[in-house]
Amino acid sequence: MIKITVKASSAYDILIGKGLLDKCGEIISELTKSKKCAVVTDTTVDGLYGSKILDALKKSGFNAVKFAVPAGEESKSHQQLIGLYNFLSENDITRSDFLIALGGGVVGDLTGYCAATYLRGVDYVQVPTTLLAQVDSSVGGKTAVNIDAGKNLVGCFKQPIAVVADTDTLSTLSDDIFADGMGEVVKYGMIRSSSLFEKLSHGRTKENIGEIIAECVGIKSDVVENDELDTGERMILNFGHTFGHAIEKYMGYGVVPHGKAVAMGMYMISRAAENRSLTQKGVSEKLKACLKANFLPFFSDIDRDSLYSLSIGDKKRTSDKIRVIVCPEIGKSEIVTLSLNEYKNLLELI
Ligand code: NAD
Ligand code: GLY
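Rules used in this analysis
Residues numbered from 1 in each chain as written. Chains lettered and ligands numbered in written order. Predicted model: local features only at pLDDT ≥ 70, side-chain atom pairs only at ≥ 80, totals over all residues. Heavy atoms only, no water. Near = heavy atom within 4 Å. Polar contact = N/O pair within 3.5 Å; in protein donor to acceptor, adjacent residues only side chain to side chain. Areas by Shrake-Rupley, 256 points an atom, 1.4 Å probe, with all protein chains shown as cover. Nonpolar A, V, L, I, M, F, W, Y, C, P; charged D, E, K, R; others polar. Salt bridge = Lys/Arg side-chain N within 4 Å of Asp/Glu carboxyl O. Helix = DSSP H or I, 4+ residues; strand = E, 2+ residues; numbered from the N terminus. Buried < 20%, exposed > 50% of the residue type's maximum accessible area, 1.4 Å probe, protein only. Contact = heavy atoms within 4.5 Å. Patch = residues over 30% accessible without salt bridge, like charges linked within 9 Å, V, L, I, M, F, W, Y side chains within 5 Å. Core = buried A, V, L, I, M, F, W, Y, C linked by side-chain atoms within 4.5 Å. Expected span 1.5 Å × (residues − 1). Pairing = 2+ DSSP bridges. Axes fitted to C-alpha atoms, helices over the stretch in contact; angles between N-to-C directions. Right-handed = clockwise from strand over helix to strand, strands pointing away.

Participant: I tried to follow the site of ligand 2 on my own but got confused; where do I start?
Facilitator: Around ligand 2 lies a shell formed by D136, K142, K220, R234 and L237. A distance of 2.8 Å separates an oxygen atom of ligand 2 from a polar atom in the side chain of K142. Between ligand 2 and the protein, one listed contact pairs an oxygen atom with a side-chain N or O atom of K220 at 2.6 Å. The protein chains hide 88% of the 200 Å² of surface that ligand 2 would expose on its own. For the shell around ligand 2, the class distribution of residues is 1 nonpolar, no polar and 4 charged.

Here it is, written out as structure tokens:
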């Protein structure tokens, strides 16, 4: 088992390894006096791991209730959130009790936001079961639900009290969902680690996935410790996301999943940045090869007007400027502030 401690405003451990779901009860017992919790999951993950986690919790003396939302991005909604608040209340979950998010980023973001707001805040534990959630969404305390205007537009920061990432759960992911998570993994190589990027360029990541997850989480926790509230350095974690979010919205949520949209966004911004001499020549070709080796797409045929109008709704825009993340070379990243006009011109260079 690998342990990484995130020294955020409240410190917590991220545990990465095989067989951790069975040990969940013991691990959580060390962190809380409460013996009551609610497991929040989705219907697919419930069928696979719902009873396993309940058994593990029961073995350690926890009284756990379970709430399952339909699988998919649509569940990151106010409607599911209200259902969850009511469920917690009906089941007498009090301020000293806690929630467990068992699932991918959808369940993690929804549960985290609920934990931040239910009774003005209760503890929660992240038990991520997708690659994307293990390397990214379960770490760092960003929580959110979607609204019609866009993804993650209502949310807050709420750090979990622990992250328990059982890598055995990845064995039931389809190749497609695994590949989707690789989008965020490649992002970490691009923004911070040329050696990680090199490893990924050969494909065959499943062989040493535990170490790769730990490397990504190490980078993320470093960045979060420096800028927990996302006012500076943390924005580099959004490399590929400005275009990626626009592509997700253009295609309709769930049609292109998050990691694949980020993959396209990373290549497209790198190509434009290369053509504007913000990125070294050759970077976008290497990135394209790496994405292809990991079964990821690299280009979207979204028209430039839609890309512009959908991406200026991004959270990194102020009234007349937008911040974009570029990688001057592989393993390095930088935040570039552009006027909206300069941004429009950049899009012509893709
Ligand atoms: P997801 O939660 O929708 O999971 C993808 C699919 O995999 C679902 O159908 C789910 O039921 C299934 N699944 C989950 N675990 C499984 C398992 N072990 N075996 C088989 N199937 C399994 O999607 P995701 O890709 O995990 O997360 C995407 C979400 O994360 C998006 O909403 C995105 O905005 C968010 N996100 C948040 C952050 C953050 O910092 N909070 C960062 C990145 C992404
Ligand atoms: N996924 C981006 C962040 O956590 O800041």
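So much for the structure itself; the text now carries on.
Participant: Would you mind showing me how to read the site of ligand 1 here?
Facilitator: Lining the immediate surroundings of ligand 1 are 28 residues, of which D42, E73, T129, T130 and T172 lie closest. A distance of 3.1 Å separates an oxygen atom of ligand 1 from a polar backbone atom of V106. At 2.9 Å from a nitrogen atom of ligand 1 is found a main-chain nitrogen or oxygen belonging to K142. Relative to its unbound accessible area of 870 Å², ligand 1 is 89% covered by the protein chains.

Participant: Where do I start with the pattern of salt bridges in this structure?
Facilitator: Side chains that differ in charge, positive against negative, can pair when their charged atoms come close. Enumeration according to the criterion identifies 19 salt bridges in this entry. Note that K151 is salt-bridged to E248, the shortest N-O span being 3.4 Å. A residue pair is termed long-range when its members are at least 10 positions apart, and K151 in strand 8 (residues 150-157) and E248 in helix 9 (residues 241-251) qualify at 97 residues. Take K151: its relative accessible area is 8%, and that puts it in the buried class. The exposure class of E248 is buried, given its relative accessible area of 2%. With a shortest N-O distance of 2.8 Å, E184 and K187 are connected by a salt bridge. Of this pair, E184 and K187 both sit in helix 6 (residues 175-192), separated by 3 residues, roughly a single helical turn. Summarising the burial analysis for this pair, E184 and K187 share the class buried.

Participant: Help me out: how do you make sense of the side chain of T169 in this one?
Facilitator: Examined against the element boundaries, T169 turns out to sit in the loop between strand 9 (162-166) and helix 6. Of note is the side chain of T169, whose polar atom sits 3.5 Å from the side chain of Q134. In terms of polar contacts, T169 uses its side chain to reach the backbone carbonyl oxygen of D166, at 2.7 Å. Sequence-distant contacts of T169, that is, excluding residues within four places in its chain, are made with L21, Y49, P128, T129 and Q134.

Participant: Before we go on, may I ask you to explain a nonpolar patch on the surface in this structure?
Facilitator: Side chains of Y250, M251 and V255 sit close together on the surface and give an oily, nonpolar patch of about 270 Å² of accessible area. By secondary structure assignment, the location of M251 is in helix 9. Judged by relative accessible area, which is 37%, M251 ranks as partly exposed.

Participant: How should I be thinking about the nonpolar core in this particular structure?
Facilitator: If you look at soluble globular proteins, the nonpolar side chains tend to sit buried side by side. Ranked by size, the top nonpolar core spans 72 residues in total, and within it I14, L131, V186, M190, M268 and Y343 carry the most contacts. Sorting elements by how many residues they give to this core places helix 10 (residues 258-275) first, with 10 residues. Excluding its chain neighbours within four sequence positions, the residues that come into contact with M190 are F197, F239, S270, V283, L287, C327, E329, I330, G331 and K332. Core analysis: the next-biggest nonpolar cluster, separate from the first, contains 22 residues, C24, I28, C37 and L102 among them.

Participant: Would you mind showing me how to read helix 4 (residues 105-117) here?
Facilitator: Along an α-helix, a turn takes 3.6 residues, which lines up residues three or four apart on a common side. End to end, helix 4 covers 18 Å across 13 residues, agreeing with the expected 18 Å (1.5 Å per residue, within 8%). With respect to burial, helix 4 is a largely interior element, 12 of its 13 residues being buried. Listed in full, the buried residues belonging to helix 4 are G105, V106, V107, G108, D109, L110, T111, G112, Y113, C114, A115 and A116. Downstream of helix 4 by one or two residues, L119 has phi in the positive range, about 55 degrees.

Participant: Explain the sheet that holds strand 5 (residues 98-103) here, please?
Facilitator: Across a sheet, strands are paired by hydrogen bonds formed along the backbone, either parallel or antiparallel in direction. Read from one edge to the other, the open sheet built from 7 strands follows the order 1-2-9-6-5-3-4, with strand pairing classed as mixed. Looking at the sheet topology across the chains shown, the edges are occupied by strand 1 (2-6) and strand 4 (63-69). Averaged over all pairs of adjacent strands, the angle between their axes in this sheet comes to 20 degrees, without regard to strand direction. Strands strand 3 (36-42), strand 4, strand 5 and strand 6 (123-128) of the sheet are contacted by helix 2 (residues 43-59), whose axis makes an angle of about 160 degrees with strand 3. Packing of helix 3 (residues 78-90) onto the sheet brings it into contact with strand 3, strand 4 and strand 5, and relative to strand 4 it is tilted by some 160 degrees.

Participant: What am I meant to see in the pairing of strand 6 here?
Facilitator: Look at any regular strand and the pattern is simple: side chains alternate between the two faces of the sheet. Within strand 6, 5 of the 6 residues are buried, which leaves it mostly tucked inside the rest of the structure. Examined bridge by bridge, strand 5 and strand 6 share 6 bridges and lie parallel to one another. Each bridged residue has a counterpart across the sheet, and for G103 the counterpart in strand 6 is P128. For the crossover from strand 5 across helix 4 to strand 6, the handedness is right-handed. Pairing of strand 6 with strand 9 involves 2 bridges; the strand directions are parallel. Paired with Q126 across the two strands is V163, which belongs to strand 9.

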